[in-house]
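Listed below, chain by chain, are the residues.
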Amino acid sequence: MKHPLFIKLAALAAVIVLLLIGLGLIEGVVHDRQRYRSITAQSVADSLAGPQTLMGPMIHSACVETWEVETGKGAELRMVEQRREFMLTAMPEQLRLNTGAAMEERARGVHKVNAFNLKAQVTAQWASLASLQPASTMKNSRMNCGAPIVMMAVGDARGIRTAQLTLGERTLALKPGTFHPAYTRGLHAPLPESLRSNTDGLTATLELELVGTERVSIVPLGGSTEVLMTSGWPHPSFTGRFLPSEREVKADGFSARWRLSSLATTAQADVGSGKPVCIGSHGDGASEQAPGRADCADSFTVAFVDPVNPYSLSDRATKYGLLFIALTFVAVGLLELMGQGRHAASLRVHPVQYLLVGSALCSFFLLLVSLSEHVPFGVAYAMAAAACVLLLGYYASHMLGSLARGIPLGAGVAVLYGLLYVLLQLEQTALAVGAIALFLVLAAVMVLTRKVNWYGLSAAAAPRSAMAGSAQGGAA
């Protein structure tokens, strides 16, 4: 016991290691809850419909060209039929989508998933259908083409609620599927063969109601594409290859408009070659794990994100756990140090007391993630912080010998919780604010301890220990 100060520091190091183990276990709980939420989102998508994609309308026609070639010589000479299968497509010259998305929250237990009901009016105009005219590549070949088909592809066909297609003034009967080899999910309607030679242009209007989860993507398939989207969701995330040219986000919703030209996008060529739509799709012809952007068709996406995800915020909060413990221990040590004097014996804080204080700080994070599953995150944070501040203030009043020392400690912990909440709400400036706050705390500690004789503390602690041992020996 010649160096009690170093023994206490070693004990505090052991306490911090135990608390770090506890923080690690709490982080594991948070990650498990995040994983359960992801499983819930996938479960809702499996039961309702996944992220959606709108692609089209476009017209295609499957063709087969056959011809005969001679093989062999002499008596073995014979004619063998050769064939070439190909598809003709007609992309719209002008494509306009007017869409509105209403949110429909779905849940599995305590986990919630953002589902949407999208009502879209899609208008496509073709100036000419000359691209549907087959051209022979072999002499004396025979050409056989199926009827032209107008199709609309979606990411998950289970989400189609209602659909009505009008061609000019006629309403066409829609059927499931697309008869397209790359984009199989959606709907289609066969067109009269006579339209193949139509030179007057064509206009199709599709009224579509579609449900899905979390996000919707649109492929700008027209020579010129204009998309207007409105929704009552105030937290949209615009991603993909193109951002809206105009957007307005308010507390009661958003509106966004895209204006795109085929000069700025390769969507027509991408769809013509059968490339998958890699963002916001689910099902055939789509892959969110595509190897690279060059292998994906151009698209843009609107995600209906929840900015106050309790699990991501709780995970971010636990990363500050060690800093919380260290700052609180420093505060307790300062109060213990500054109170040294004739009442020094009553102000000595045992390592077990440090352990209890640190355990109370760790319990905050577990309270936060558990309460945030049932009440809004801000309310859960206030409840967990208030409980821990009151507990630590009460305990510190007895641990430090007076209410005058316990209240400042509780107030300091309250300030830390307030600062942490601010950091959780910040995105771009969180690092700067946290670094400045930490610098200010370090500066305050250095100012308060500028006159402390650290060697004297170690030397003074040893005689007190020796005197205590002599007194115990005399009493015996």
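Anyway, here's the lowdown on the structure attached to this text. Computed from a predicted structure; not experimentally measured. (Residues numbered from 1 in each chain as written. Predicted model: local features only at pLDDT ≥ 70, side-chain atom pairs only at ≥ 80, totals over all residues. Heavy atoms only, no water.)

### Quick look at the nonpolar core
Nonpolar side chains in soluble globular proteins tend to end up buried together.
Logical step 1: Counting 60 residues, the largest nonpolar core has L54, I59, W126 and W258 as its most contacted members.
Logical step 2: The element contributing the most residues to this core is strand β4 (residues 111–126), with 6 residues.
Logical step 3: Ignoring sequence-local partners within four residues, the contact set of W126 consists of P57, M58, I59, A90, M91, P92, E93, V150, G201, L202 and A204.
Logical step 4: Listed in part, the 38 residues of the second largest apolar core include L19, L23, Y381 and L409. (Core = buried A, V, L, I, M, F, W, Y, C linked by side-chain atoms within 4.5 Å. Buried < 20%, exposed > 50% of the residue type's maximum accessible area, 1.4 Å probe, protein only. Helix = DSSP H or I, 4+ residues; strand = E, 2+ residues; numbered from the N terminus. Contact = heavy atoms within 4.5 Å.)

### Digging into the side chain of T123
Logical step 1: When you line up the elements, T123 lands in strand β4.
Logical step 2: For T123, a relative accessible area of 13% puts it in the buried group.
Logical step 3: Aside from chain neighbours lying at most four places away, what touches T123 is Q94, L95, R96, T203, A204 and T205.

### Details of the pairing of strand β10 (residues 186–190)
Logical step 1: Burial analysis of β10 places 4 of its 5 residues in the buried class, which makes it a mostly covered element.
Logical step 2: Examined bridge by bridge, strand β6 (residues 149–154) and β10 share 5 bridges and lie antiparallel to one another. Each residue of the ladder has a partner; that of A153, found in β10, is G186.
Logical step 3: Pairing of strand β9 (residues 175–176) with β10, which is carried by 2 bridges, proceeds in the antiparallel orientation. Bridging across to β10, P176 finds its partner in L187. (Pairing = 2+ DSSP bridges.)

### Some details on the packing of helix α6 (residues 351–371) against helix α8 (residues 403–425)
Logical step 1: For the pair α6 and α8, the least separation of the axes is 13 Å and the interaxial angle reads 35°. The crossing of α6 and α8 is right-handed. Residue-level contacts link L361, F364 and F365 of α6 to V413, Y417 and L420 of α8. (Axes fitted to C-alpha atoms, helices over the stretch in contact; angles between N-to-C directions. Left-handed = near helix turned anticlockwise from the far one by under 90°.)

### So, the sheet that holds strand β13 (residues 224–231)
Logical step 1: With mixed pairing, the 8 strands of this open sheet are ordered in space as β8-β7-β11-β4-β3-β13-β16-β15. Of all strands in the sheet, those with a lone pairing partner are β8 (170–172) and β15 (246–250), marking the two edges. The mean inter-strand angle of the sheet, taken between neighbouring strand axes irrespective of direction, is 15°.
Logical step 2: Bridge analysis of β13 against strand β16 (residues 253–261) gives 8 bridges, and the strand direction is antiparallel.

### Topic: the packing of aromatic side chains
Logical step 1: According to the stated counting rule, one finds 12 aromatic pairs in the structure shown.
Logical step 2: Between F364 and Y381, the ring centres sit 5.3 Å apart and the planes meet at 85°, which makes this aromatic pair edge-to-face. Taken together, the residues F364 in helix α6 and Y381 in helix α7 (residues 377–399) connect sequence positions 17 residues apart. The burial state of F364 is the same as that of Y381; both residues are buried. (Phe/Tyr/Trp six-rings, centres within 6.5 Å; stacked < 30°, edge-to-face > 60°.)

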